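For reference, the chains in residue letters:
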Amino acid sequence: MPLVTTTEMFKKAYNGGYAVGAFNVNNMEIVQGITEAAREVKAPLILQVSKGARNYANPTYLTKLVEAAVIECPEIPIALHLDHGDSFETCKSCIDGGFTSVMIDASSKPFAENIEITKKVVEYAHDHGVVVEAELGSLAGVEDEVNVSAEDSSYTRPEEVEEFVSKTGCDSLAIAIGTSHGAYKFKPEQCTRNAEGILVPPPLRFDILEEVSKRLPGFPIVLHGSSSVPQEYVAMINQNGGNMPDAVGVPAEQLRKAASLAVCKINIDSDLRLALTGTVRKFFADHPEKFDPREYLKPARANIKELVKDKLINVLGCDGKA
Ligand code: G3H
Ligand code: 13P
Ligand code: ZN
(Lines give C-alpha, C1' and ligand atoms only; values in the text may rest on other atoms or scores of the structure.)
(Ligands and ions follow the chains in the order given, each with its own letter.)
Protein backbone atom coordinates (compact mmCIF):
# COMPACT_ATOMS: atom_id res chain seq x y z
CA MET A 1 0.00 0.00 0.00
CA PRO A 2 1.19 3.60 -0.56
CA LEU A 3 2.24 5.86 2.31
CA VAL A 4 -0.73 6.60 4.58
CA THR A 5 -1.61 9.41 6.99
CA THR A 6 -1.89 8.65 10.70
CA THR A 7 -5.66 9.28 10.90
CA GLU A 8 -6.77 5.66 10.70
CA MET A 9 -3.78 4.41 12.72
CA PHE A 10 -4.60 6.75 15.61
CA LYS A 11 -8.32 5.96 15.59
CA LYS A 12 -7.56 2.25 15.94
CA ALA A 13 -4.79 2.84 18.50
CA TYR A 14 -7.03 5.04 20.67
CA ASN A 15 -9.86 2.53 20.64
CA GLY A 16 -7.53 -0.45 21.01
CA GLY A 17 -5.53 0.91 23.98
CA TYR A 18 -2.15 0.74 22.26
CA ALA A 19 0.27 3.23 20.62
CA VAL A 20 1.97 3.39 17.25
CA GLY A 21 5.78 3.63 17.29
CA ALA A 22 7.35 6.67 15.65
CA PHE A 23 11.00 5.97 14.97
CA ASN A 24 13.53 8.50 13.68
CA VAL A 25 15.43 7.57 10.54
CA ASN A 26 18.81 8.89 9.46
CA ASN A 27 20.27 6.26 7.12
CA MET A 28 19.48 3.07 5.21
CA GLU A 29 20.37 0.59 7.95
CA ILE A 30 18.09 2.33 10.46
CA VAL A 31 15.19 2.36 7.96
CA GLN A 32 15.75 -1.33 7.24
CA GLY A 33 16.07 -2.40 10.89
CA ILE A 34 12.83 -0.63 11.85
CA THR A 35 10.75 -1.69 8.87
CA GLU A 36 11.87 -5.33 8.94
CA ALA A 37 10.79 -5.50 12.59
CA ALA A 38 7.39 -3.90 11.91
CA ARG A 39 6.82 -6.15 8.93
CA GLU A 40 7.65 -9.28 10.90
CA VAL A 41 5.25 -8.46 13.74
CA LYS A 42 2.63 -6.83 11.48
CA ALA A 43 2.65 -3.42 13.15
CA PRO A 44 1.58 -0.05 11.72
CA LEU A 45 4.54 2.30 11.59
CA ILE A 46 5.53 5.97 11.57
CA LEU A 47 8.95 6.76 10.14
CA GLN A 48 9.98 10.26 11.10
CA VAL A 49 12.61 12.62 9.82
CA SER A 50 14.01 15.54 11.83
CA LYS A 51 15.48 18.75 10.47
CA GLY A 52 18.90 17.39 11.51
CA ALA A 53 18.28 14.18 9.55
CA ARG A 54 17.30 16.22 6.49
CA ASN A 55 20.52 18.21 6.79
CA TYR A 56 22.59 15.05 7.29
CA ALA A 57 21.19 12.77 4.62
CA ASN A 58 19.52 15.23 2.23
CA PRO A 59 15.69 15.11 2.06
CA THR A 60 15.59 13.30 -1.29
CA TYR A 61 17.67 10.35 -0.06
CA LEU A 62 15.57 9.92 3.07
CA THR A 63 12.26 10.14 1.21
CA LYS A 64 13.46 7.61 -1.36
CA LEU A 65 14.68 5.23 1.39
CA VAL A 66 11.24 5.37 2.97
CA GLU A 67 9.59 4.82 -0.42
CA ALA A 68 11.82 1.74 -0.84
CA ALA A 69 10.64 0.48 2.56
CA VAL A 70 7.02 0.95 1.46
CA ILE A 71 7.69 -1.22 -1.61
CA GLU A 72 9.43 -3.87 0.50
CA CYS A 73 6.69 -3.93 3.18
CA PRO A 74 3.42 -3.76 1.23
CA GLU A 75 1.40 -5.40 4.04
CA ILE A 76 1.88 -2.74 6.71
CA PRO A 77 0.68 0.88 6.77
CA ILE A 78 3.60 3.33 6.94
CA ALA A 79 3.35 7.10 7.49
CA LEU A 80 6.20 9.48 6.69
CA HIS A 81 6.33 12.25 9.29
CA LEU A 82 8.35 15.45 9.78
CA ASP A 83 9.65 15.52 13.37
CA HIS A 84 9.91 18.95 15.07
CA GLY A 85 9.20 21.10 12.02
CA ASP A 86 10.45 24.54 13.04
CA SER A 87 8.66 26.76 10.51
CA PHE A 88 5.85 26.93 7.97
CA GLU A 89 8.50 26.72 5.20
CA THR A 90 10.01 23.43 6.47
CA CYS A 91 6.52 21.92 6.84
CA LYS A 92 5.52 23.11 3.35
CA SER A 93 8.67 21.64 1.83
CA CYS A 94 7.87 18.22 3.39
CA ILE A 95 4.18 18.39 2.42
CA ASP A 96 5.17 19.26 -1.17
CA GLY A 97 7.79 16.47 -1.06
CA GLY A 98 5.33 13.65 -0.29
CA PHE A 99 5.25 13.45 3.54
CA THR A 100 1.87 12.32 4.87
CA SER A 101 2.24 13.95 8.29
CA VAL A 102 4.14 16.93 9.70
CA MET A 103 4.84 18.28 13.15
CA ILE A 104 4.94 22.02 13.63
CA ASP A 105 6.77 22.60 16.89
CA ALA A 106 6.12 26.17 17.96
CA SER A 107 5.98 25.14 21.61
CA SER A 108 8.77 27.55 22.56
CA LYS A 109 6.68 30.49 21.30
CA PRO A 110 4.01 32.30 23.33
CA PHE A 111 0.59 30.58 23.28
CA ALA A 112 -1.03 32.97 20.76
CA GLU A 113 1.92 32.72 18.37
CA ASN A 114 1.98 28.91 18.66
CA ILE A 115 -1.72 28.94 17.66
CA GLU A 116 -1.10 31.29 14.74
CA ILE A 117 1.82 29.31 13.22
CA THR A 118 0.15 25.93 13.83
CA LYS A 119 -3.10 27.12 12.20
CA LYS A 120 -1.23 28.26 9.09
CA VAL A 121 0.48 24.87 8.76
CA VAL A 122 -2.81 23.03 9.36
CA GLU A 123 -4.56 24.98 6.59
CA TYR A 124 -1.84 24.20 4.04
CA ALA A 125 -1.47 20.57 5.17
CA HIS A 126 -5.19 19.78 5.16
CA ASP A 127 -5.54 21.30 1.66
CA HIS A 128 -2.95 18.71 0.59
CA GLY A 129 -4.35 15.69 2.47
CA VAL A 130 -1.62 15.80 5.14
CA VAL A 131 -2.13 15.66 8.93
CA VAL A 132 -0.50 17.86 11.57
CA GLU A 133 0.95 17.22 15.03
CA ALA A 134 1.45 20.28 17.26
CA GLU A 135 2.96 20.72 20.72
CA LEU A 136 2.02 22.46 23.96
CA GLY A 137 4.47 22.55 26.85
CA SER A 138 8.18 21.98 26.45
CA LEU A 139 10.41 18.98 27.08
CA ALA A 140 13.85 19.05 28.64
CA GLY A 141 16.81 17.60 26.73
CA VAL A 142 18.57 18.00 23.40
CA GLU A 143 16.76 18.17 20.07
CA ASP A 144 18.60 19.46 17.00
CA GLU A 145 20.77 22.37 18.13
CA VAL A 146 18.34 23.29 20.91
CA ASN A 147 19.19 22.20 24.44
CA VAL A 148 16.37 22.81 26.91
CA SER A 149 17.45 22.62 30.56
CA ALA A 150 15.24 20.90 33.14
CA GLU A 151 14.60 24.35 34.68
CA ASP A 152 13.38 25.79 31.35
CA SER A 153 11.14 22.83 30.50
CA SER A 154 7.48 23.15 31.39
CA TYR A 155 4.62 20.72 31.71
CA THR A 156 1.62 21.12 29.42
CA ARG A 157 -1.15 23.17 31.04
CA PRO A 158 -4.35 21.12 30.61
CA GLU A 159 -6.50 24.26 30.80
CA GLU A 160 -5.00 25.41 27.46
CA VAL A 161 -5.56 22.32 25.33
CA GLU A 162 -9.21 22.74 24.25
CA GLU A 163 -8.67 26.29 23.00
CA PHE A 164 -5.43 25.28 21.26
CA VAL A 165 -6.92 22.30 19.43
CA SER A 166 -10.15 24.05 18.45
CA LYS A 167 -8.38 27.20 17.20
CA THR A 168 -5.62 25.39 15.26
CA GLY A 169 -7.47 22.34 13.93
CA CYS A 170 -4.38 20.16 14.58
CA ASP A 171 -4.84 16.38 14.30
CA SER A 172 -2.74 15.28 17.28
CA LEU A 173 -1.05 16.98 20.21
CA ALA A 174 2.36 16.37 21.78
CA ILE A 175 2.33 17.10 25.50
CA ALA A 176 5.01 17.46 28.16
CA ILE A 177 4.45 15.16 31.16
CA GLY A 178 8.05 14.60 32.23
CA THR A 179 9.65 12.81 29.29
CA SER A 180 12.80 14.36 27.85
CA HIS A 181 14.91 14.15 24.68
CA GLY A 182 18.24 12.33 24.46
CA ALA A 183 20.05 9.70 26.53
CA TYR A 184 20.39 11.77 29.73
CA LYS A 185 16.75 12.36 30.55
CA PHE A 186 17.03 12.90 34.26
CA LYS A 187 19.78 14.24 36.49
CA PRO A 188 21.00 11.74 39.09
CA GLU A 189 19.64 14.02 41.83
CA GLN A 190 16.11 13.71 40.34
CA CYS A 191 16.34 9.90 40.59
CA THR A 192 16.62 7.24 43.24
CA ARG A 193 18.93 4.21 42.91
CA ASN A 194 17.75 0.59 42.96
CA ALA A 195 19.59 -2.29 44.66
CA GLU A 196 21.94 -2.68 41.66
CA GLY A 197 22.83 1.00 41.75
CA ILE A 198 20.83 1.75 38.59
CA LEU A 199 19.13 5.17 38.49
CA VAL A 200 15.33 5.04 38.78
CA PRO A 201 13.73 8.18 37.30
CA PRO A 202 10.75 10.07 38.72
CA PRO A 203 7.34 8.88 37.44
CA LEU A 204 5.64 10.64 34.52
CA ARG A 205 2.81 13.07 35.32
CA PHE A 206 -0.13 10.81 34.49
CA ASP A 207 -2.41 13.27 36.27
CA ILE A 208 -1.70 15.79 33.46
CA LEU A 209 -2.27 13.17 30.76
CA GLU A 210 -5.58 12.18 32.35
CA GLU A 211 -6.75 15.79 32.64
CA VAL A 212 -5.79 16.50 29.01
CA SER A 213 -7.64 13.44 27.73
CA LYS A 214 -10.71 14.32 29.80
CA ARG A 215 -10.76 17.70 28.09
CA LEU A 216 -10.09 16.21 24.62
CA PRO A 217 -12.05 12.95 24.52
CA GLY A 218 -10.98 10.66 21.66
CA PHE A 219 -8.15 12.99 20.62
CA PRO A 220 -4.73 11.41 19.91
CA ILE A 221 -1.93 12.46 22.25
CA VAL A 222 1.78 12.14 21.39
CA LEU A 223 4.76 11.53 23.66
CA HIS A 224 8.21 12.71 22.61
CA GLY A 225 11.44 11.83 24.41
CA SER A 226 10.27 8.30 25.10
CA SER A 227 13.43 6.23 24.75
CA SER A 228 14.06 3.87 27.66
CA VAL A 229 17.87 4.05 27.27
CA PRO A 230 18.53 0.28 27.56
CA GLN A 231 21.23 -0.26 30.15
CA GLU A 232 22.68 -3.20 28.23
CA TYR A 233 23.59 -0.85 25.36
CA VAL A 234 24.88 1.84 27.71
CA ALA A 235 27.11 -0.86 29.29
CA MET A 236 28.18 -2.11 25.83
CA ILE A 237 29.22 1.43 24.92
CA ASN A 238 31.02 2.04 28.21
CA GLN A 239 32.81 -1.33 28.09
CA ASN A 240 34.11 -0.64 24.59
CA GLY A 241 35.69 2.76 24.82
CA GLY A 242 32.61 4.95 25.36
CA ASN A 243 31.85 7.24 28.25
CA MET A 244 28.15 7.67 28.99
CA PRO A 245 27.81 7.78 32.76
CA ASP A 246 24.31 8.02 34.25
CA ALA A 247 22.46 7.76 30.94
CA VAL A 248 18.86 7.09 31.92
CA GLY A 249 15.51 6.83 30.11
CA VAL A 250 11.77 6.40 30.65
CA PRO A 251 10.93 2.98 32.11
CA ALA A 252 9.02 0.69 29.75
CA GLU A 253 6.13 0.17 32.22
CA GLN A 254 5.39 3.90 32.20
CA LEU A 255 5.24 3.92 28.41
CA ARG A 256 2.99 0.85 28.41
CA LYS A 257 0.62 2.65 30.74
CA ALA A 258 0.65 5.78 28.54
CA ALA A 259 -0.05 3.63 25.46
CA SER A 260 -3.10 2.12 27.16
CA LEU A 261 -4.48 5.64 27.76
CA ALA A 262 -4.88 8.47 25.19
CA VAL A 263 -1.29 8.31 23.90
CA CYS A 264 -1.41 7.05 20.31
CA LYS A 265 2.14 7.91 19.12
CA ILE A 266 5.36 7.31 21.03
CA ASN A 267 8.63 8.78 19.67
CA ILE A 268 11.82 6.76 19.88
CA ASP A 269 15.19 7.83 18.53
CA SER A 270 17.93 7.68 21.19
CA ASP A 271 17.44 3.94 21.78
CA LEU A 272 18.17 3.27 18.09
CA ARG A 273 21.34 5.37 18.33
CA LEU A 274 22.47 3.49 21.44
CA ALA A 275 21.89 0.09 19.79
CA LEU A 276 23.80 1.15 16.68
CA THR A 277 26.69 2.77 18.54
CA GLY A 278 27.03 -0.02 21.13
CA THR A 279 27.06 -2.69 18.45
CA VAL A 280 29.64 -0.89 16.31
CA ARG A 281 31.90 -0.12 19.28
CA LYS A 282 31.83 -3.77 20.37
CA PHE A 283 32.43 -4.95 16.83
CA PHE A 284 35.61 -2.88 16.57
CA ALA A 285 36.81 -3.93 20.02
CA ASP A 286 36.34 -7.58 19.00
CA HIS A 287 37.68 -7.15 15.44
CA PRO A 288 40.21 -4.32 15.37
CA GLU A 289 41.51 -5.51 12.01
CA LYS A 290 38.19 -5.09 10.17
CA PHE A 291 37.21 -2.07 8.11
CA ASP A 292 34.33 -3.08 5.81
CA PRO A 293 31.22 -0.96 6.75
CA ARG A 294 28.95 -3.80 5.66
CA GLU A 295 30.49 -6.03 8.31
CA TYR A 296 29.91 -3.65 11.22
CA LEU A 297 26.61 -2.17 10.04
CA LYS A 298 25.03 -5.59 9.52
CA PRO A 299 24.99 -6.53 13.25
CA ALA A 300 23.98 -2.95 14.10
CA ARG A 301 20.99 -3.22 11.76
CA ALA A 302 20.09 -6.63 13.25
CA ASN A 303 20.19 -5.22 16.79
CA ILE A 304 18.02 -2.25 15.80
CA LYS A 305 15.52 -4.73 14.38
CA GLU A 306 15.45 -6.74 17.64
CA LEU A 307 15.11 -3.58 19.74
CA VAL A 308 12.23 -2.29 17.61
CA LYS A 309 10.47 -5.67 17.71
CA ASP A 310 10.66 -5.64 21.48
CA LYS A 311 9.19 -2.10 21.58
CA LEU A 312 6.36 -2.95 19.19
CA ILE A 313 5.34 -6.06 21.12
CA ASN A 314 6.18 -5.34 24.75
CA VAL A 315 5.96 -1.55 25.07
CA LEU A 316 3.59 -0.18 22.43
CA GLY A 317 1.37 -3.26 22.04
CA CYS A 318 0.85 -2.58 18.32
CA ASP A 319 1.99 -5.96 16.99
CA GLY A 320 -0.65 -7.63 14.83
CA LYS A 321 -2.51 -4.31 14.37
CA ALA A 322 -1.39 -3.57 10.78
O1 G3H B 1 13.58 15.00 19.03
C2 G3H B 1 14.66 14.85 18.51
C3 G3H B 1 14.98 13.64 17.72
O4 G3H B 1 15.62 12.68 18.53
C5 G3H B 1 15.78 14.00 16.52
O6 G3H B 1 17.08 14.29 16.86
O7 G3H B 1 17.44 16.48 15.76
O8 G3H B 1 19.37 15.02 16.43
O9 G3H B 1 17.90 14.38 14.51
P10 G3H B 1 18.02 15.10 15.83
P1 13P C 1 14.26 10.16 22.47
O2 13P C 1 15.46 11.06 22.51
O3 13P C 1 13.79 9.80 23.82
O4 13P C 1 14.49 8.95 21.63
O5 13P C 1 13.06 11.00 21.80
C6 13P C 1 12.92 11.09 20.41
C7 13P C 1 11.93 12.11 20.01
O8 13P C 1 11.12 12.61 20.77
C9 13P C 1 11.93 12.50 18.60
O10 13P C 1 11.06 13.55 18.35
ZN1 ZN D 1 10.84 14.96 19.93
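Refer to the structure printed above.
Computed from a predicted model, the values in this text were never measured in an experiment. (Residues numbered from 1 in each chain as written. Chains lettered and ligands numbered in written order. Predicted model: local features only at pLDDT ≥ 70, side-chain atom pairs only at ≥ 80, totals over all residues. Heavy atoms only, no water.)

## Thoughts on the pattern of salt bridges
In this structure the tally under the stated criterion is 23 salt bridges. When salt bridges with common partners are traced through the structure, they connect Glu40, Lys305, Glu306 and Lys309 into a single cluster. (Salt bridge = Lys/Arg side-chain N within 4 Å of Asp/Glu carboxyl O.)

## A word on the packing of aromatic side chains
The description of two aromatic rings rests on the distance between their centres and on the angle between their planes. Counted by the stated rule, this structure contains 5 aromatic pairs. Aromatic side chains Phe283 and Phe284 sit 5.8 Å apart centroid to centroid with 85 degrees between the ring planes, which places their arrangement in the edge-to-face category. Residue Phe284 is classed as partly exposed on the basis of its relative accessible area, which comes to 31%. Plain terms: the ring middles of Phe284 and Tyr296 are 4.7 Å apart, the flat faces sit at 55 degrees to each other, and that makes the pair tilted. With Phe284 in helix H11 (residues 270-286) and Tyr296 in helix H12 (residues 293-316), the pair connects residues that are 12 residues apart, well separated along the chain. What links up through ring pairs into an aromatic cluster is the set Phe283, Phe284 and Tyr296. Taking the ring centre of Tyr155 as reference, the NZ or CZ of Arg205 above it sits at 5.0 Å. (Phe/Tyr/Trp six-rings, centres within 6.5 Å; stacked < 30°, edge-to-face > 60°. Buried < 20%, exposed > 50% of the residue type's maximum accessible area, 1.4 Å probe, protein only. Helix = DSSP H or I, 4+ residues; strand = E, 2+ residues; numbered from the N terminus. Lys NZ or Arg CZ within 6 Å of the ring centre and 35° of its normal.)

## Considering unusual backbone geometry
A positive phi angle, near 55 degrees, is found at Lys42, a position not held by glycine. Of note, Lys42 is situated in the loop between helix H2 (28-41) and strand S2 (45-50). With a phi close to 80 degrees, Asn58 is a non-glycine residue in the positive phi region. Along the chain, Asn58 turns up in the loop between helix H3 (51-57) and helix H4 (59-72).

## As for the pairing of strand S13 (residues 263-268)
Of all 6 residues in S13, 6 are buried, a share of seventy percent or more. Pairing of strand S1 (residues 20-24) with S13, which is carried by 4 bridges, proceeds in the parallel orientation. Considered in S13, the bridge of Phe23 is made with Ile268. With 3 bridges connecting them, strand S12 (residues 221-223) and S13 associate as parallel partners. The residue of S13 that forms the bridge with Val222 is Lys265. (Pairing = 2+ DSSP bridges.)

## Description of the nonpolar core
In this structure, Phe23, Ile34, Val102, Leu173, Ile221, Val308 and Leu312 are the most contacted members of the largest nonpolar core, which totals 97 residues. Here this core takes 9 residues from H12, the largest share from any one element. If near-sequence neighbours (up to four positions away) are discounted, Ile221 is found in contact with Leu173, Ile175, Leu209, Val212, Ala262, Val263, Cys264 and Lys265. (Core = buried A, V, L, I, M, F, W, Y, C linked by side-chain atoms within 4.5 Å. Contact = heavy atoms within 4.5 Å.)

## Details of the environment of Leu223
Looking at the secondary structure, you find Leu223 in strand S12. When the C-alpha atoms of Leu223 and Cys264 are compared, they prove to be 8.3 Å apart, with 41 residues separating the residues in sequence. Once you skip the residues sitting within four places of it in the chain, Leu223 turns out to touch Ile175, Ile177, Thr179, Leu255, Ala258, Val263, Lys265, Ile266 and Asn267.

## Some words on the state of the cysteines
Summed over all chains, the structure comprises 0 disulfides. Distance from the sulfur of Cys91, which forms no disulfide, to the nearest cysteine sulfur (Cys94) is 7.0 Å. Of all cysteine sulfurs, the one in Cys318 lies closest to Cys264, which takes part in no disulfide; the gap is 12 Å. (Disulfide = S-S within 2.5 Å.)

## Concerning the site of ligand 2
Taken together, 16 residues lie near ligand 2, and Asp83, Lys185, Ser227, Asp269 and Ser270 sit nearest. In the environment of ligand 2, an oxygen atom lies 2.6 Å from a nitrogen or oxygen atom belonging to the side chain of Ser227. Between ligand 2 and Asp269, the relevant distance is 2.7 Å, taken from an oxygen atom to a main-chain nitrogen or oxygen of the residue. Out of a free accessible area of 310 Å², ligand 2 has 96% covered by protein chains. For the shell around ligand 2, the class distribution of residues is 1 nonpolar, 12 polar and 3 charged. (Near = heavy atom within 4 Å. Polar contact = N/O pair within 3.5 Å; in protein donor to acceptor, adjacent residues only side chain to side chain. Areas by Shrake-Rupley, 256 points an atom, 1.4 Å probe, with all protein chains shown as cover. Nonpolar A, V, L, I, M, F, W, Y, C, P; charged D, E, K, R; others polar.)

## Some points on the coordination of the zinc ion (ligand 3)
Coordination sphere of the zinc ion (ligand 3), protein contribution only: His84 (NE2), His181 (NE2) and His224 (ND1), at 2.0 to 2.1 Å. Within one chain, the residues serving as donors to the zinc ion (ligand 3) are arranged as H-x96-H-x42-H. One end of the pair, His84, is in strand S3 (residues 78-85); the other, His224, is in the loop between S12 and helix H9 (231-239), with 140 residues separating them in the sequence. Across this residue pair, the class does not change: His84 and His224 are buried. (Donors = N, O, S within 2.8 Å, 3.2 Å for Na, K, Ca; no water.)

## Considering empty space enclosed by the protein
Enumeration according to the criterion identifies 1 cavity of 30 Å³ or more in this entry. Here the largest cavity is characterised by a volume of approximately 30 Å³. Around the largest cavity, the lining residues are Thr6, Phe10, His81, Ser101, Val131, Val132, Glu133, Asp171 and Ser172. Class assignment of the residues belonging to the lining of the largest cavity gives a composition of 3 nonpolar, 4 polar and 2 charged. (1 Å grid on protein atoms, 1.4 Å probe; cavity = no way out; pocket = protein on both sides within 12 Å on 5 of 7 lines; lining within 4 Å. Points joined across faces, edges and corners; volume = space filled by probe spheres on them.)

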